[in-house]
Amino acid sequence: MAVARPGYVVAKYVLEDQAAQLSKRAEGIAVGLTVGSWTDLPAAKQESMKPYRGVVEGIEVIDELPEGRVRAEITIGYPTVNLTPSIPAVLTTVFGKLSMDGVIRLVDLRLPAEFIAAFPGPKFGVAGVRERVRVQGRPLVMSIFKSCIGQSLDELAAHFAEQAEGGVDLIKDDEIFFSEQHATPEQRVARFRDIASRVEQQTGKPVLYAVNLTGRTFELRDRAKRLADLGAGALLLNVVAYGYDVLQELASDPDIHIPIIAHPAVAGALYGSATHGISSHILLGQFLRLAGADIAIYPSPYGSVTLAAKEGAALVESLRQPNGLKPVLPAPSAGIHPGLVPRLVRDFGLDIIVNAGGAIHGHPQGATAGGKAFVDAVHAVATGHSLKVAAEGSEALRLALDKWGYSAS
Ligand code: 1AE
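Residues numbered from 1 in each chain as written. Predicted model: local features only at pLDDT ≥ 70, side-chain atom pairs only at ≥ 80, totals over all residues. Heavy atoms only, no water.

1. Things to note about the pattern of salt bridges
Stage number 1. Applying the stated criterion to the full structure yields 27 salt bridges.
Stage number 2. One salt bridge connects Lys146 with Asp174, and the closest N-O pair in it is separated by 3.9 Å. Residue Lys146 is located in the loop between strand 6 (140-144) and helix 6 (153-164), and its partner Asp174 is located in the loop between strand 7 (170-172) and helix 7 (185-203); the two are separated by 28 residues in the primary sequence.
Stage number 3. The class for Lys146 is partly exposed, based on a relative accessible area of 32%. (Salt bridge = Lys/Arg side-chain N within 4 Å of Asp/Glu carboxyl O. Helix = DSSP H or I, 4+ residues; strand = E, 2+ residues; numbered from the N terminus. Buried < 20%, exposed > 50% of the residue type's maximum accessible area, 1.4 Å probe, protein only.)

2. Thoughts on the packing of aromatic side chains
Stage number 1. If you walk through the whole model with that rule in mind, you get nine aromatic pairs.
Stage number 2. Ring geometry for Phe145 and Phe160: centres 6.4 Å apart, planes at 25 degrees, overall stacked. Of the two residues, Phe145 is situated in the loop between strand 6 and helix 6 and Phe160 in helix 6; the sequence distance between them amounts to 15 residues.
Stage number 3. In this structure Phe160 comes out as buried when scored by relative accessible area, which is 0%.
Stage number 4. Taken together, a centroid distance of 5.4 Å and an interplanar angle of 75 degrees make the contact between Tyr244 and Phe287 edge-to-face. Of the two residues, Tyr244 sits in helix 10 (residues 244-251) while Phe287 sits in helix 12 (residues 280-291), which places them 43 residues apart along the sequence.
Stage number 5. These aromatic residues form a ring-pair network of at least three members: Phe145, Phe160, Phe192 and Tyr209. (Phe/Tyr/Trp six-rings, centres within 6.5 Å; stacked < 30°, edge-to-face > 60°.)

3. So, the site of the ligand
Stage number 1. Within the structure, the ligand sits among Ile144, Lys146, Asp174, Glu175, His263, Ser333, Ala334, Gly335, Ala356, Gly357 and Gly358.
Stage number 2. A distance of 2.7 Å separates an oxygen atom of the ligand from a polar atom in the side chain of His263.
Stage number 3. Gly358 is positioned with one of its backbone polar atoms (N or O) 2.7 Å from an oxygen atom of the ligand.
Stage number 4. For the ligand, whose unbound accessible area comes to 370 Å², protein coverage reaches 85%.
Stage number 5. Here the residues of the shell around the ligand are counted per class, giving three nonpolar, five polar and three charged. (Near = heavy atom within 4 Å. Polar contact = N/O pair within 3.5 Å; in protein donor to acceptor, adjacent residues only side chain to side chain. Areas by Shrake-Rupley, 256 points an atom, 1.4 Å probe, with all protein chains shown as cover. Nonpolar A, V, L, I, M, F, W, Y, C, P; charged D, E, K, R; others polar.)

4. Looking at the environment of Leu344
Stage number 1. When you line up the elements, Leu344 lands in helix 14 (residues 341-348).
Stage number 2. For the pair Leu344 and Thr92, spaced 252 residues apart in sequence, the C-alpha separation works out to 35 Å.

5. Some remarks on the domain arrangement of the protein
Stage number 1. The domains assigned to the protein are domain 1 (8-116) and domain 2 (125-404).
Stage number 2. The straight-line distance from the C-alpha centre of domain 1 to that of domain 2 is 37 Å.
Stage number 3. Listed by partner, the interface residues are 17 residues for domain 1 and 20 residues for domain 2.
Stage number 4. Among the residues domain 1 hides against domain 2, the three largest losses belong to Ile87, Arg105 and Ile116. Together they make up 43% of the total. (Domains from an automatic or database assignment. Contact = heavy atoms within 4.5 Å. Buried area = accessible area lost by both parts, 1.4 Å probe.)

Below you can see the structure in the form of structure tokens.
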């Protein structure tokens, strides 16, 4: 995560305005989002307000547009003394009402080390999650429950068993699973815990169930503790829909003793435009890490819901770069199939989670073979073997490659 000079959160924006207005616009942002008015203040008051005043750190024209307009990068420093270490405070200060001020996008954010240190960060991080699943030296494999809604607890349990028997490391609820009509999260955790234990006895390896943490916001903390105590392996949280501060509350609670997986649902509404909103590496990288996600799901550059390769790389960089907080495990997702594993490892390394739903459940031999195909693929890639060679010894992998194809690296 980019680190700023002490005492200032530094935000960079790309905006469009009249060339002649740029300096005034930048000053207006620096002052408007901190001390409010400035020129109207008497000199003595200006002096006493100085520690709270935003500062313009840079103005750079990047494009000339018609009619005297330009596209420019403007960089503003906001004193951390104005803030508390929480995402709502940072977001509202650096891009609160400013987000509604015409063509403007928040593209970079730097926080000083002492401010970063005041956030909880991930409780488990990469090493802690690896310890829990007892897997080193290869990507983890996470299976996504598909068809949860409208299923009885018995049907869900059968789906869970089918996925677990494929040897995957984690099984997560679909993020849209809110309904408690047939089974509450507590009932699911209790039931799946027993299946996970049986599978662990057979395979010698744990499989974690990541339950979707749902319900009214003020009930989530108690529910998270209850689910963790009942034996949930991890919590899945729709962080953008619930709010980053909910994640931070959960991550900083010592009684919630299981990892938290952040789902990116709704984030596209904030990062999707080229001219408005907030860059994805801030939303799904920096903020998730500060607030304490252990695993960050995000759209991979080559699946069905994509994020540009450069943005994906910046996102992963912000989950990992040394900043005093534990690193977060990236889970590049959406349309992932076993044939993409070599590319995932080439682009993001071994410390990732290969996360898939459609390519597990859509395997010609069913979800158990679907999981096995992924596990065989990650083993092959981690030990330097090609998928083609690995498929000679794995029918599950061969059938998956026949169906979805593969990339050599
Ligand atoms: C980026 C989110 C991906 C996701 O939530 C999801 O369910 C993916 O499923 P598949 O693997 O594309 O079927």
